[in-house]
Amino acid sequence: NALCSPTSVSMLVQTLQKKNIDPLLTAQYVYDPSLNVFGNWPFNMAHAFELGNGKLFFYVMRPSSFTEVYERLRNNIPVAVSIRGPIKGGYTPYKNGHLLVVVGWDALHHKVICFDPASNELEGVKMEYDIHDFIVAWERSRRLTYMPEFLNSIYFSNNFPCIADKSSFISISFIFYFILLLN
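Residues numbered from 1 in each chain as written. Predicted model: local features only at pLDDT ≥ 70, side-chain atom pairs only at ≥ 80, totals over all residues. Heavy atoms only, no water.

Asker: What should I look at first to understand the side chain of arginine 62 in this one?
Answerer: Its place among the elements puts arginine 62 in the loop between β1 (56-61) and α4 (66-74). Here the side chain of arginine 62 touches arginine 142 through a polar contact of 3.0 Å, landing on its backbone oxygen. (Helix = DSSP H or I, 4+ residues; strand = E, 2+ residues; numbered from the N terminus. Polar contact = N/O pair within 3.5 Å; in protein donor to acceptor, adjacent residues only side chain to side chain.)

Asker: Sorry if this is basic, but what is going on with the confidence of the model for the chain here?
Answerer: Low pLDDT marks regions whose predicted coordinates should not be analysed in detail. Summarising the model, the chain shows a mean pLDDT of 86, and 83% of its residues fall at 70 or more. Between the elements of the chain, mean pLDDT differs from a low of 49, seen in helix α6 (residues 154-159), to a high of 98, seen in helix α5 (residues 131-140). Counting interchain partners and residues more than four positions distant, the pLDDT-below-50 stretch residues 156-171 has 23 contacts. (pLDDT = per-residue confidence, 0-100. Contact = heavy atoms within 4.5 Å.)

Asker: Honestly, α4 in this entry has me stumped. Any pointers?
Answerer: Structurally, the α-helix is built with 3.6 residues per turn, so residues lying three or four positions apart point the same way. Residues of α4 that are buried: Phe66, Val69, Arg72 and Leu73. Buried residues of α4, viewed axially, fall in a sector of 115 degrees; they line one side. Positive backbone phi, at 60 degrees, marks asparagine 76, one or two positions downstream of α4. (Buried < 20%, exposed > 50% of the residue type's maximum accessible area, 1.4 Å probe, protein only. Arc of directions from axis to C-beta.)

Asker: How should I be thinking about the packing of aromatic side chains in this particular structure?
Answerer: Tallying each qualifying case throughout the model produces 5 aromatic pairs. When the centroid spacing of 5.0 Å and the interplanar angle of 50 degrees are considered together, the rings of tyrosine 31 and phenylalanine 38 count as tilted. A connected cluster of aromatic rings, assembled from ring pairs, spans Phe66, Trp105, Phe134 and Trp138. (Phe/Tyr/Trp six-rings, centres within 6.5 Å; stacked < 30°, edge-to-face > 60°.)

Asker: Mind showing me how you'd approach the pairing of strand β6 (residues 145-150) here?
Answerer: It is a general feature of regular strands that their side chains alternate between the two faces of the sheet. The buried count for β6 comes to 5 of 6 residues, which makes it a mostly enclosed element. With 6 bridges joining them, β1 and β6 adopt antiparallel strand pairing. Looking at β6, one finds that phenylalanine 57 is bridged to glutamate 149. Relative to β6, strand β2 (residues 79-85) runs antiparallel, the two sharing 2 bridges. Pairing of valine 81 across the sheet is with threonine 145, part of β6. (Pairing = 2+ DSSP bridges.)

Asker: Even after reading the chapter, I still don't get the packing of helix α2 (residues 23-30) against helix α3 (residues 41-51), so can you show me in this structure?
Answerer: When two helices pack together, you describe them by how their axes are tilted relative to each other and by the distance separating the axes. In the contact formed by α2 and α3, the axes pass within 9 Å of each other and the chain directions differ by 125 degrees. What the angle tells us is that α2 and α3 run oblique. Once α2 is placed against α3, the crossing between them reads as right-handed. In this structure, α2 uses Thr26, Tyr29 and Val30 to contact α3, whose residues at the interface are Phe43, Asn44, His47 and Leu51. For the contact of α2 with α3, a count of residues per class yields 4 nonpolar, 3 polar and no charged. (Axes fitted to C-alpha atoms, helices over the stretch in contact; angles between N-to-C directions. Parallel < 35°, antiparallel > 145°, perpendicular 65-115°, else oblique. Left-handed = near helix turned anticlockwise from the far one by under 90°. Nonpolar A, V, L, I, M, F, W, Y, C, P; charged D, E, K, R; others polar.)

Asker: Which parts of the structure should I look at to understand the environment of methionine 61?
Answerer: Its place among the elements puts methionine 61 in strand β1. By relative accessible area, methionine 61 is classed as buried at 18%. Taking the C-alpha atoms as reference, methionine 61 lies 9.9 Å from arginine 142; in sequence the two are 81 residues apart.

Asker: Even after reading the chapter, I still don't get the sheet that holds β6, so can you show me in this structure?
Answerer: Adjacent strands of a sheet form backbone hydrogen bonds with each other and so pair up, either parallel or antiparallel. With respect to topology, 6 strands assemble into an open sheet ordered β1-β6-β2-β3-β4-β5, the strand pairing being antiparallel. Edge positions in the sheet fall to β1 and β5 (126-130), since each of these pairs with one other strand and no more. On average, each strand axis in the sheet is inclined to that of its neighbour by 35 degrees, with strand direction left out of account. The pairing of β2 with strand β3 (residues 94-106) spans 6 bridges and is classified as antiparallel. Bridging from a neighbouring strand, alanine 80 pairs with valine 101 of β3. Relative to β1, α3 is tilted by about 165 degrees, and along the sheet it contacts β1 and β6.

Here it is, written out as structure tokens:
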């Protein structure tokens with residue numbers, strides 16, 4: 001579970017950019033030696049921005065509901081979400097939290113379709129969680145979400161300032177991070 005954040009970032013960028021991203025290489029870039037973690041949110045978002053080659057912007061937020069996630073999915077934009085505690089069908093109870101990538105919604109069966117990096121085998125990565133079980137686990141993490149945006153999207157142009165360079169992006173990521181910690 002220690003690599004769920006860089007693996008989720010890799011899956012997000014790989015899906016959006018349609019190119020292979022090595023999660024172990026991503027893990028090397030996002031490792032935070034001061035905290036001894038791979039899950040430092042600003043580090044992961046800054047590296048995702050680098051991997052996006054100037055076409056994608058990534059940020060951490062807490063959507064008010066699954067509706068915001070669904071709107072992204074309708075536009076073929078996956079998101080990474082943090083879940084905490086047990087989830088029916090999950091690989092383990094995630095006491096300290098766990099990131100997975102939401103890639104779809106099955107309205108007929110009320111299932112959230114995810115890529116779960118906790119799987120030890122490629123065939124087990126795609127998981128479907130009952131919406132109610134998913135919401136409960138997501139709420140335990142206070143709906144933490146890694147949101148990608150295409151820089152030319154309506155969401156980005158209406159909500160965010162121009163990012164001039166990598167250092168500006170990292171500064172903005174740290175500001176978002178501390179705002180989330182305070183809430």
